[in-house]
Amino acid sequence: MEKFISLDLRKAVSFLGNGAVEALQPQVKAAQTALEKGTCPGNDFLGWLHLPSSISPSFIAELQACAETLRQNCEAIVVAGIGGSYLGARAVIEALSNSFAWLVGDKKNPTILFAGNNIGEDYLSELTEYLKDKRFGVINISKSGTTTETALTFRLLKRQCEEQRGKEEARRVIVAITDAKKGAARSCADKEGYTSFIIPDNVGGRFSVLTPVGLLPIACAGFDISQLVKGAQEMEVACGADVPFDKNIAAQYAAVRNALYAEAGKKIEIMVNYQPKLHFIAEWWKQLYGESEGKDKKGIFPASCDFTTDLHSMGQWIQDGERTIFETVISVEEPNSKLLFPNDDENLDGLNFLAGKRVDEVNKMAELGTQLAHVDGGVPNIRISMPKLNEYYLGQLLYFFEIACGISGNVLGVNPFNQPGVEAYKKNMFALLDKPGYEADSKAIKERLAKDMA
């Protein structure tokens, strides 16, 4: 029988007044009911809510077949996307891959590369140089096809792929994941005859990991997307709107983090892991919560640390700095490998007391010792425990965070599914680049900059 991820809130609730969490239960219930009934702000972007249970075996098979075509014909596959169009896939792939795959050379699986998430000229130049002698393919992920970072990258990669492999072969190894009917990426896919998959209109980018946006790259990397989906499906049931609060871990997480924010003045949540493979899970989580809750001058700031690494850089601030933080720790109960600490006859480092112990036991004691120190130092601690690091439990974790985010944003009183603030920098950038249609903005911004520099 499969286990479930679990949630321990005791070392966070202890920082709250009696009844603080219980007082939020009606709001949490109302928030989740509003999600379920589609009466909340942003209700036209609720396609993720029951997405796991809507994924059929035949659709998974279709994705796997496309992935197999790419795997058989490519040494490297570039995933071109930004934000929610790449972070979910990268989070799962990095969590499940050999940490040194890029050095040892995985003979069974193509190398998965990520681009279109920055405008670094050196990065793109080095990428295209690396691909010069490679049989590579591209998964282009963009609903509009005009997002600057991704569109720029795809233009470069499309030309290179066609020049190196010929137009017909390139057509087989370029896949578009985009809008069903409209946009530049859809027009390009139709014109060129690329295999394509749809980003549902009612699923925002940061909630899209369980659509082809995440599932196709993960399958290309050689991982079992059916198990990922199964984990998400079971978490969808476990955190349903009809599940009582005392058994609904997503509702509990949403309640406690909102109580820490509103009552205890905790404005920053640090996502912590003791398993370096989870670094990009935290990056995905940061976008999910930052973009969903950071609006209307509200919202907990999402940060992340990799422990024990960052205890040697950020540990001092976390222990003794301003008490506006709380930690959410993801702990993996059982690693996939076993490595014992060796004995050394000279014992110059004084570590023979660890001889014969598993490295993970040392790691777990570091986790426990840090938790005790931070709690004593005034940092509330939420602990999420995963039985193992595999597709099934990652599926559970991803959906847990998604549903908890939807509930939490509604409790906070914002629309969790829009991102109006993201557009501000784009308007300025396009104006400075003299993009057609931005002439008025261009003049005003350039006058402002000239004044600032005077």
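Look up a bit, the structure's there.
Residues numbered from 1 in each chain as written. Predicted model: local features only at pLDDT ≥ 70, side-chain atom pairs only at ≥ 80, totals over all residues. Heavy atoms only, no water.

Engineer: What am I meant to see in the overall build of the protein chain here?
Structural biologist: Each helix and strand counted, the protein chain has 19 helices and 10 strands in total. Computed over the C-alpha atoms, the radius of gyration of the protein chain is 23 Å, within 12% of the 22 Å expected from 2.2 N^0.38 for a compact globule of 454 residues. C-alpha atoms of the protein chain, sized along the principal axes, occupy 60 × 60 × 60 Å. When burial is assessed residue by residue, the protein chain has 51% of its 454 residues classed as buried. For the protein chain, contacts bridging at least 24 residues in sequence account for 78% of all contacts bridging at least 6. (Helix = DSSP H or I, 4+ residues; strand = E, 2+ residues; numbered from the N terminus. Rg over C-alpha atoms; globule rule 2.2 N^0.38 Å. Buried < 20%, exposed > 50% of the residue type's maximum accessible area, 1.4 Å probe, protein only. Contact = heavy atoms within 4.5 Å.)

Engineer: Whenever I open this one, the packing of helix H4 (residues 57-73) against helix H11 (residues 212-220) confuses me. Can you help?
Structural biologist: Packed helix pairs are specified by the crossing angle of their axes together with the interaxial distance, meaning the distance between the axes. Running from N to C, H4 and H11 point in directions that differ by 50°, and their axes come no closer than 8 Å. The angle between H4 and H11 falls in the class oblique. Crossing handedness for the pair H4 and H11: right-handed. Where H4 approaches H11, its residues Phe59, Leu63, Cys66, Ala67, Leu70 and Arg71 are matched on the opposing element by Pro212, Leu215, Leu216, Ala219 and Cys220. (Axes fitted to C-alpha atoms, helices over the stretch in contact; angles between N-to-C directions. Parallel < 35°, antiparallel > 145°, perpendicular 65-115°, else oblique. Left-handed = near helix turned anticlockwise from the far one by under 90°.)

Engineer: What's the story with the pairing of strand S6 (residues 195-198) in this structure? I'm lost.
Structural biologist: The side chains of a regular strand alternate between the sheet's two faces. Sheet topology note: the strand S5 (residues 174-178)/S6 ladder contains four bridges and is parallel. By the bridge assignment for S6, Thr178 is matched with Ile198. Of the crossover connections in this fold, the one passing from S5 over helix H10 (residues 184-192) to the parallel S6 is right-handed. (Pairing = 2+ DSSP bridges. Right-handed = clockwise from strand over helix to strand, strands pointing away.)

Engineer: Looking at this structure, I do not really get the sheet that holds strand S9 (residues 325-332). What am I missing?
Structural biologist: Strands pair in a sheet through their backbones, by hydrogen bonds, and they do so in one of two ways: parallel or antiparallel. Strand order in the open sheet made by the five strands is S1-S10-S9-S7-S8, with mixed pairing throughout. Each having just a single partner strand, strand S1 (6-8) and strand S8 (301-306) make up the two edges of the open sheet. With strand direction ignored, the average angle separating the axes of adjacent strands in the sheet is 20°. Both strand S7 (residues 268-273) and S8 contribute to a ladder of six bridges, which runs parallel. Considered in S8, the bridge of Glu269 is made with Pro302.

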